[in-house]
Amino acid sequence: MATLSEKPGQRFTLPDWHTNSHLISADAERQRSTSHRIRQEARALRNETNNQTKWDEHDNQTRLAERISSVNRWKEILDKCLADIDAEINALANVKEAAEHALQAKNLALDVAIDCLTLRESRRAVDVVRDPVEEELHKEVKVIEKAKKELQQRVNEAFEQLCLLREARQQLNCDHRHKVEALEIDNACLSLNVNCPNISFKVNPTRVPDGTTALDEWEQSNQHNKEHAEAEMKSAAGLREVTLLTIAQTNNKLEAQRVATEFAFRKRIRDLERAYDELKWQEQNTLEEIGEMEKDIRRLEEDLRRKTQNLQVAHTRLETRTYRPGRELCRDQVQYGLTDEVHQLEQTIRVLEQKLAESQDALDALYRQLHRVQTDIGYKAVSLGLDNKCMDTRRKLVVSADRFTPEVDTFNRTVTQELSLHKNKQLELA
């Protein structure tokens, strides 16, 4: 007969089974509750993180746009500053070039003044005089040298200011270039999104790079560069005004001095012409007086010759009458008359000889004076020629060098009066 076998192992009671079923159900309920809570928390977290991410991205997009706008605003300011400083550099360079041209023009004026002084050193004898023309020429040299010194100072200041302007421009240009690069970078960052192929993880992207500055420092640096450039442009504008004023003042002073010098030249030339004409008149009158004196001397010599012959006649008569015979040798009226005639003729001859000597001395003095007058005429002619040449040279100051052609000296007065052989002999004797 078959028997029922029993499985080995523990046997649970019915309460244990009910308890176990209850525990399983309770654990399932608890797990489902935990899962539900976690799901709800995950959903809330997803919503929260999505919102946070979107707002953070939106805020950073806005910050990037604002930063781009700020950098672009400063870039536009720098564009204007660069344009202004370029214009100021060109303007100052033009003024500096004008000052250099004015300085170069003063060299011509100085050369002309020195040439005039050198030419006038060729004057002769008494014409080597410290006249108003020479004083005005020396004043002109001093005015030109002072003007050259002032203009050279302005040129040096303009050169230094140009260097400062170019240095400020270099700083602006460097800052402008950096802002252009920053705009390109920020615009590239603004265009990035999750679909871009060039996004990736980076090593320590939150590090602070070396040389990083604070926003306040960035603003101060931009403002400092702008204010520095504006200050240099303001200084350059002031220097341009001062330089232009200096050019105008030096030109006016030099023009006034040139007018004064040429007025003195014209007055001196008129004086020389009057003196020359006076000497020519004196020469003509002296020549006429010499002619008259020579005629009178010839008349005196002729009268003296005749008086000598008359005296010889009287002497001969008296000597012949001494041979009268006997009582005929008496002192009659003829004897007394002849004797008086001899005495009178001897007195007349002495007076004529004295007057002839005086006339000859006067003639010699006239020849010496004529030589002196003619010599002075030569000096005046040389002085006139030199002063007219100086005036011709000074035309360079009002006529451009390429159009300057020396005028023919219209006042070419030279002494052409030649002394006669007799006059030369008289001068040699004198």
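A quick note: this is a predicted structure, and the numbers were derived from the prediction, not measured.

(A) Structural view of the overall build of the protein. When helices and strands are counted, the protein shows 5 helices and 0 strands. Reading the protein from its N terminus to its C terminus gives the helix and strand order α-α-α-α-α. The C-alpha radius of gyration computed for the protein amounts to 62 Å, which surpasses the reference 22 Å derived for 430 residues by more than 25%, pointing to a less compact arrangement than a globule. The principal-axis extent of the C-alpha atoms belonging to the protein is close to 265 × 30 × 30 Å.

(B) Expanded view of the state of the cysteines. Applying the stated criterion to the full structure yields 0 disulfides. Take Cys 116: it sits in no disulfide, and the sulfur closest to it among the cysteines is that of Cys 390, at 3.9 Å. Overall, the relative accessible area of 0% leaves Cys 116 in the buried class.

(C) Focus on the environment of Glu 273. On the secondary structure map, Glu 273 appears in helix α3 (residues 215-321). You can call Glu 273 partly exposed: its relative accessible area is 25%. Residues Glu 273 and Lys 380, 107 residues apart in the sequence, show an inter-C-alpha distance of 8.1 Å.

(D) How the structure looks around the packing of α3 against helix α4 (residues 333-394). Viewed as axis vectors pointing N to C, α3 and α4 meet at an angle of 165°, and their least axial separation amounts to 5 Å. In terms of orientation, α3 and α4 fall into the roughly antiparallel class. As α3 runs across α4, the sense of the crossing is left-handed. Of the residues assigned to the contact of α3 with α4, the class counts are 33 nonpolar, 14 polar and 22 charged.

(E) Summary view of the packing of aromatic side chains. Applying the stated criterion across every chain, the model contains 0 aromatic pairs. Here Arg 67 stacks its cationic end above the ring of Trp 218, 3.9 Å away from the centre of that ring.

Scoring rules and cut-offs
Residues numbered from 1 in each chain as written. Predicted model: local features only at pLDDT ≥ 70, side-chain atom pairs only at ≥ 80, totals over all residues. Heavy atoms only, no water. Helix = DSSP H or I, 4+ residues; strand = E, 2+ residues; numbered from the N terminus. Rg over C-alpha atoms; globule rule 2.2 N^0.38 Å. Disulfide = S-S within 2.5 Å. Buried < 20%, exposed > 50% of the residue type's maximum accessible area, 1.4 Å probe, protein only. Axes fitted to C-alpha atoms, helices over the stretch in contact; angles between N-to-C directions. Parallel < 35°, antiparallel > 145°, perpendicular 65-115°, else oblique. Left-handed = near helix turned anticlockwise from the far one by under 90°. Nonpolar A, V, L, I, M, F, W, Y, C, P; charged D, E, K, R; others polar. Phe/Tyr/Trp six-rings, centres within 6.5 Å; stacked < 30°, edge-to-face > 60°. Lys NZ or Arg CZ within 6 Å of the ring centre and 35° of its normal.

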